[in-house]
Each structure stands twice: as structure tokens, then as C-alpha cells.
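Residue strings, one per chain:
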Amino acid sequence: MEIVGQLQKQFVDFSTSLNHEGFLDEQYLQLQKLQDESNPDFVCEVVSLFFDDSEKLLNNLATALQQQVVDFKQVDAHVHQFKGSSSSIGAQRVKNMCVAFRNFCEEKNLDGCLRCLQQLKHEYFLVKNKLETLFRLERQIVEAGGTVPVIG
Amino acid sequence: MKKGGQKFSALVVDDNKMIRKVEEKLLARFGFETKVVENGEKALKLFDDGYTFDVVVMDMEMPVMNGPVATRALRARGVDCMIVGVTSCGDGPEKAEFEASGLNCCWEKPLNAEIVGTILNKLDNKMS
């Protein structure tokens, strides 16, 4: 029982810190509330879609910014997609990066865009890492015979 | 719930698979019977095939046929159900254009419990 208690505390502390540090916002909590017995892997499925989507978008952005003549409208369209999906999952820092990125697109500022792309990649891989850790903790709790605490 | 215990019906129109999944689940949690399609053209086809919905949740930017064009086309066909726009565009001319195409209201993404609750209240009020 003790190990379950420890793992649960770790999970709660980690989730809280993710929220405080702005990695995941209210929207992520909403997703967790949508998960139930009829759809026990809902959050994991949504997050997997987000990972696939994001990695495609990052590749598309890199390609678009490497063109001889950069089509800023196309770049903006990709960032717009990324903003939509990151906000739907509650990946707040990624979403905020997208907002900044769109401003550079509007200004047709290539340097700004390239810098933003690097920062966007950084933020995305950070939140991906955090989410994978969160899921690992959940699995450990369940494997130890406990239930995952509900946050918020 | 409608009278007679029937569920309200919703159509989600969004080109992003992840967003379709989240919006469908959220609406289902509030008791909506939900269908999802990936662009405005597919939404129009459902209506042309005789489907009706109590509310359409319409994304703004989609390939093939976007939100404003689809909304205008639906209104032109006499579709008078609630059409709610969702966009990650923020306030500005694009949002204004979207609203002018015939939406009942427009919200910033992401769709959340508060927004769906508001939609449900409006539909309940319409019924009574």
C-alpha cells in the first residue's frame, strides 16, 4: 500500500507542477474528466494523435522555411494548425509559442520565424517528455494495484 | 435533453482529427448525439442527404471548403439550426467575416465544458 501512496503523491505533485509551470493548462484537466470506463484510454489516444500531428507540422514548417522563396502564408497555415491542436490538449507553452510565431509570419520576418521554430520544437519536446512521464506514473500506479488520483 | 427524452444532435466540422475526437467526446458527455466530418463540403453533403442537427460546431479554417463558405451555403439552403463557430484566430477581420457568414455565435478554441454548457442552455431555452 505504501508504494501506491508514494506513487500517487508523485503523480499529484508532478501534475500540479506541470500546471504551475504552464506546461499544461485547464484544458488538459477537461480531457482527463472526459475519460471514463467506456473510454479508458481516451487521454492517451488524444495525446498520441497530438504527437503524430505535431511532428508532421514541425517537419512541414522546417521544409517551408527552407524554400528559396518562403511562402509565409503557408508557414502561417501550419502554425495555425499547431496552435489549434496544442490549445485543444492544453499544451499552453506550445500554444503561446505559436502566437508569437504567427506575428513573425505576418511581418514576413524569416529570422524571427526560424528562431520561433527552434523554440517551438524545444517547447514541444519538453511537453512531450512531461506527458510521457505522466503516463508512466499512471501505469506504475495501476500496476501497483492503485487508482490514479483525479486532479482539480 | 429534448422533450420526450430525445437527445440533442450535433455535427462537428473540423479538419484536425485530434480536435474532432476531443469535441465529439465533450459533446457526448453533455448528452449530444454527435457526427463528425472533416470539412465544409462533407457537412453540406450530410444536410443535402437529409440529415438534420440541433447544432453545428464549425471550424473556421479547413481545406476543400472552409467555415465561412460552408456556413453561408447552409444558410442559403434554409438551414436555420444553431451554427457555432470555433476558431483559433482571435478577434479580428477573419472572425468578423466568419460571424457575418451566418453564425449564431463564435468562440475561441478550444471547445470546452463551459461553451458546451452555454450551447445546451440556449437549445433548452429554444425548446421551452
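An unreviewed UniProt entry annotates chain A as Histidine-containing phosphotransfer protein of Salvia splendens. In the Function (unreviewed entry) part of its UniProt record, chain A is described as follows: "Functions as a two-component phosphorelay mediators between cytokinin sensor histidine kinases and response regulators (B-type ARRs). Plays an important role in propagating cytokinin signal transduction."

On to the overall build of chain B. Each helix and strand in chain B was counted, giving five helices and five strands. When the elements of chain B are put in sequence order from the N terminus, they spell out β-α-β-α-β-α-β-α-β-α. Dimensions of chain B along its principal axes, counting C-alpha atoms only, are 40 × 30 × 25 Å. Each of the 128 residues in chain B was classed as buried or not, and the buried ones make up 53%. Restricting the contact set of chain B to residue pairs at least 6 apart, pairs at least 24 apart contribute 63%. In chain B, 18 positive and 20 negative side-chain charges are present, and the distance between their average locations comes to 6 Å.

Right, let's get into the layout of surface pockets. By volume, the largest pocket amounts to about 600 Å³. Together, 22 residues line the largest pocket, and Asp76(A), Arg102(A), Glu61(B), Cys89(B) and Glu94(B) are the ones closest to its centre. Those elements that place two or more of their residues in the lining of the largest pocket are helix H4 (72-89) and helix H5 (92-106) of chain A together with helix H4 (93-100) of chain B. Partitioning the lining of the largest pocket into residue classes produces eight nonpolar, four polar and ten charged. Each pocket or cavity is described by its volume, and for the second largest pocket that value is around 400 Å³. Gln32(A), Gln35(A), Pro40(A), Glu138(A) and Val148(A) are, among the 17 residues lining the second largest pocket, the residues nearest its centre. Contributing elements (two or more residues each) for the lining of the second largest pocket: helix H2 (26-34), helix H3 (42-66) and helix H6 (110-143) of chain A. Ranked by residue count, the leading element in the lining of the second largest pocket is H6(A), at four residues. Taken together, the residues of the lining of the second largest pocket sort by class into ten nonpolar, three polar and four charged.

Definitions and limits used
Residues numbered from 1 in each chain as written. Chains lettered and ligands numbered in written order. Predicted model: local features only at pLDDT ≥ 70, side-chain atom pairs only at ≥ 80, totals over all residues. Heavy atoms only, no water. UniProt positions renumbered as here; feature names shortened; annotations may be inferred. Helix = DSSP H or I, 4+ residues; strand = E, 2+ residues; numbered from the N terminus. Buried < 20%, exposed > 50% of the residue type's maximum accessible area, 1.4 Å probe, protein only. Contact = heavy atoms within 4.5 Å. Lys, Arg positive; Asp, Glu negative; His and termini not counted. Charge placed at Lys NZ, Arg CZ, Asp CG, Glu CD. 1 Å grid on protein atoms, 1.4 Å probe; cavity = no way out; pocket = protein on both sides within 12 Å on 5 of 7 lines; lining within 4 Å. Points joined across faces, edges and corners; volume = space filled by probe spheres on them. Nonpolar A, V, L, I, M, F, W, Y, C, P; charged D, E, K, R; others polar.

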